[in-house]
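Descriptive structure summary
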Amino acid sequence: MREHDVYMDEAVREARLGRDEGGIPIGSVLVRDGVIIGRGHNRRVQLKDPVLHAEIDCLRNAGRIGVYIDCVLYSTLMPCYLCAGAVVQFRIPVVVVGESETFPGAEEFLLSKGVRVIDLYRADCRDLLQEFIRIHPEIWDEDIGELERK
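These remarks concern the structure in this document. (Residues numbered from 1 in each chain as written. Predicted model: local features only at pLDDT ≥ 70, side-chain atom pairs only at ≥ 80, totals over all residues. Heavy atoms only, no water.)

Side note on helix 3 (residues 54-62)
- In terms of burial, helix 3 is largely enclosed, as seven of its nine residues are buried.
- Those residues of helix 3 lying buried are Ala54, Glu55, Ile56, Asp57, Cys58, Leu59 and Ala62.
- In this fold, the buried residues of helix 3 make contact with strand 1 (27-32), strand 2 (35-41), strand 3 (71-75) and helix 4 (81-89).
- Where helix 3 terminates, the next one or two residues include Gly63, which has phi positive at roughly 80 degrees. (Buried < 20%, exposed > 50% of the residue type's maximum accessible area, 1.4 Å probe, protein only. Helix = DSSP H or I, 4+ residues; strand = E, 2+ residues; numbered from the N terminus. Contact = heavy atoms within 4.5 Å.)

Some details on the side chain of His53
- By secondary structure assignment, the location of His53 is in the loop between helix 2 (44-47) and helix 3.
- The contacts of His53, once residues within four sequence positions are left out, are His41, Asn42, Arg44, Cys80, Leu82, Cys83 and Asp143.

Considerations on the sheet that holds strand 3
- On the basis of which strands lie adjacent, the open sheet formed by five strands has the order 2-1-3-4-5 and mixed pairing. Here the strands that pair on one side only, and so sit at the sheet edges, are strand 2 and strand 5 (116-119). The mean inter-strand angle of the sheet, taken between neighbouring strand axes irrespective of direction, is 20 degrees.
- Judged from the four bridges that link them, strand 3 and strand 4 (residues 94-97) form a sheet pairing that is parallel. If you follow Leu73 over to strand 4, its bridge partner there is Val95. (Pairing = 2+ DSSP bridges. Axes fitted to C-alpha atoms, helices over the stretch in contact; angles between N-to-C directions.)

In structure tokens:
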């Protein structure tokens with residue numbers, strides 16, 4: 001098993017936890033020196049918080065760790081601009097994503113800021129989110145800012 005898969009498996013566990021809570025199945029973990037120091041999942045629906053994406057929840061749960069330049073952020077989905085902004089702000093040098101097919105996110109932005117992006121192209125990450133989108137398209141559209149006012 002590839003090293004990245006071990007940590008991505010933990011991010012998938014977080015995504016499933018979010019799904020089981022009634023939320024969007026996206027998970028994230030923050031790793032330093034081979035140790036998970038933060039974990040989180042998208043909790044926008046559960047807590048009615050528009051910015052509580054998986055990566056933000058993960059960083060919040062890691063707490064104030066001071067320096068992030070020796071960390072790797074794992075996310076089951078390519079980060080959006082909100083989460084990519086946090087990555088750049090804290091100077092996290094590497095982001096490993098489970099997939100980017102469902103949502104291309106802010107990959108170009110991350111790359112333009114010198115962040116190394118590794119896409120694992122994992123079917124489990126893709127299938128978990130695509131099943132949710134099939135069942136709850138309006139929640140997904142809201143999450144990515146595509147919901148239109150009626």
